[in-house]
Amino acid sequence: EDAKSPYARANVAIALLHLGKVSEATRRLNELLTKDPGFPSGRALRGVLALRMGMGSEARAEFDAALAVDPYNPIANNQLAAEAIRSGKFNDAIRYARLALLVDSGNMNSYVNIATAYRGMGQAELAKLVALNALAINPRADRVLNIHGLLLLDEDHVSDAVRQFTRALRVRPDGVATN
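For every chain, the first residue of the written sequence is number 1, and numbering continues from 1 onward in sequence order. Only residues with pLDDT of at least 70 get local features here, since the model is predicted, and only at 80 or more are side-chain atom pairs given and counted; chain-wide, interface and lining totals rely on the full set of residues. Excluding hydrogens and water, the side-chain figures rest on all heavy atoms present in the structure.

## Overview of the pattern of salt bridges
Side chains carrying opposite charge are able to pair once their charged atoms draw close together. Put simply, the rule is: Take a side-chain nitrogen of Lys or Arg and a carboxyl oxygen of Asp or Glu: if they are within 4 Å of each other, that pair is a salt bridge. Helix and strand assignments come from DSSP, with helices taken as H or I runs of at least 4 residues and strands as E runs of at least 2, each series counted from the N terminus. When accessible area is computed with a 1.4 Å probe and restricted to protein chains, residues below 20% of their type maximum are described as buried, those above 50% as exposed, and intermediate ones as partly exposed.
Within the structure shown, the criterion is met by 12 salt bridges. Glu-62 is the salt-bridge partner of Arg-43, the closest N and O atoms lying 2.5 Å from each other. One end of the pair, Arg-43, is in helix H3 (residues 40-52); the other, Glu-62, is in helix H4 (residues 56-69), with 19 residues separating them in the sequence. A relative accessible area of 12% means that Glu-62 is categorised as buried. Residue Arg-95 is joined to Asp-92 by a salt bridge in which the shortest nitrogen-to-oxygen separation is 3.8 Å. One end of the pair, Arg-95, and the other, Asp-92, are both in helix H6 (residues 90-103), 3 residues apart, so they sit about a helical turn from each other. By relative accessible area, Arg-95 is classed as partly exposed at 43%. Beyond isolated ion pairs, a larger network of salt bridges with shared partners links Glu-24, Arg-27, Arg-28 and Glu-31.

## Examining the environment of Thr-166
When you line up the elements, Thr-166 lands in helix H10 (residues 158-171). Owing to a relative accessible area of 33%, Thr-166 belongs among the partly exposed residues under this scheme.

## Let's talk about helix H8 (residues 124-137)
Operational definition: In a helix, the anticipated span is given by 1.5 Å times the number of residues less one. Each direction from the helix axis to a C-beta atom contributes to the arc, which is the arc of those directions. Contacts are residue-level and defined by heavy atoms, with any inter-residue pair within 4.5 Å sufficient.
The first and last C-alpha atoms of H8 sit 20 Å apart over 14 residues, in line with the 20 Å expected at 1.5 Å per residue. For H8, every residue scored as buried is listed here: Ala-127, Lys-128, Val-130, Ala-131, Ala-134 and Leu-135. On an axial view of H8, the arc spanned by its buried residues comes to 160°, and they lie on one face. For H8, the exposed residues set more than 90 degrees away from the buried face come down to Glu-125 and Ala-136. Its buried side turned inward, H8 meets helix H7 (108-120), helix H9 (142-154) and H10.

## A look at the packing of aromatic side chains
Quick note on the threshold: Aromatic rings from Phe, Tyr and Trp, with only the six-membered ring used for Trp, were paired whenever their centres fell within 6.5 Å, and each pair was classed as stacked if the ring planes differed by under 30 degrees, edge-to-face if by over 60, and tilted otherwise. Distance and angle both matter: a charge sits over a ring if NZ of Lys or CZ of Arg is within 6 Å of the ring centre and within 35 degrees of the ring normal.
Throughout the structure, instances matching the rule amount to 1 aromatic pair. Ring plane angle 85° and centroid distance 5.0 Å describe the contact between Tyr-7 and Phe-39, whose orientation is recorded as edge-to-face. Taken as a pair, Tyr-7 in helix H1 (residues 6-18) and Phe-39 in the loop between helix H2 (22-35) and H3 lie far apart in primary sequence, 32 residues in all. Positioned over the ring face of Tyr-96 is Arg-95, at 4.6 Å from the centre of the ring.

## Some words on the packing of H9 against H10
Operational definition: Structural elements are reduced to axes, namely lines fitted to C-alpha atoms, with helices fitted over the stretch in contact, and the angle between N-to-C directions of any two is expressed from 0 to 180 degrees. Working rule for angles: under 35 degrees goes down as roughly parallel, over 145 as roughly antiparallel, 65 to 115 as roughly perpendicular, anything else as oblique. Note on convention: the crossing is left-handed when the near helix lies turned anticlockwise from the far helix by less than a right angle, right-handed when the turn is clockwise. Charged residues are taken to be Asp, Glu, Lys and Arg, nonpolar residues to be Ala, Val, Leu, Ile, Met, Phe, Trp, Tyr, Cys and Pro, and polar residues to be all remaining types, Gly included.
Axis separation between H9 and H10 bottoms out at 8 Å; the angle between their running directions is 165°. Judged on the interaxial angle alone, H10 and H9 are roughly antiparallel. In this structure, H9 crosses over H10, and the sense of that crossing is left-handed. Here Asp-142, Leu-145, Asn-146, His-148, Gly-149, Leu-150, Leu-152 and Leu-153 of H9 lie close against H10, whose contacting residues are Val-158, Asp-160, Ala-161, Gln-164, Phe-165, Arg-167, Ala-168 and Val-171. Of the residues belonging to the contact of H9 with H10, the class tally is 9 nonpolar, 4 polar and 3 charged.

Written out as structure tokens, the structure is:
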């Protein structure tokens, strides 16, 4: 993509966020949104930054603004799915994550959210099916490996769970999830 495209600029902000450079990511996002105020991924990323700074209501406003322009925005939908999981609203979480999958079928965050929601609902078989489908798409998805390991642990398959956790650590030795 052209370096001037909003997607390229948003990707720079995402990379900075992953590196823990919140101030620089915030500056880049603000520049992006000054040039293109309606860019939904920019608004969603600003919501992620607001969450990291403990500003939940501001984050929700940014996610809602992103979804008003793009109802399938994967960043906003997956953040709302994660919030729904934390609130015990598992059906809402599945709905948000599935919306994200409609435009980004390889988005591992969506699969993690769906598997986690099914796990929270006590639907272990569905959760495992989602995790295994995600691993068929991306066998190195560390967060999916971790949720699959937790599901195996729930069933007392300790050695299998340890293998999944070990695979996840091989992907990300620092333990910081990337997908």
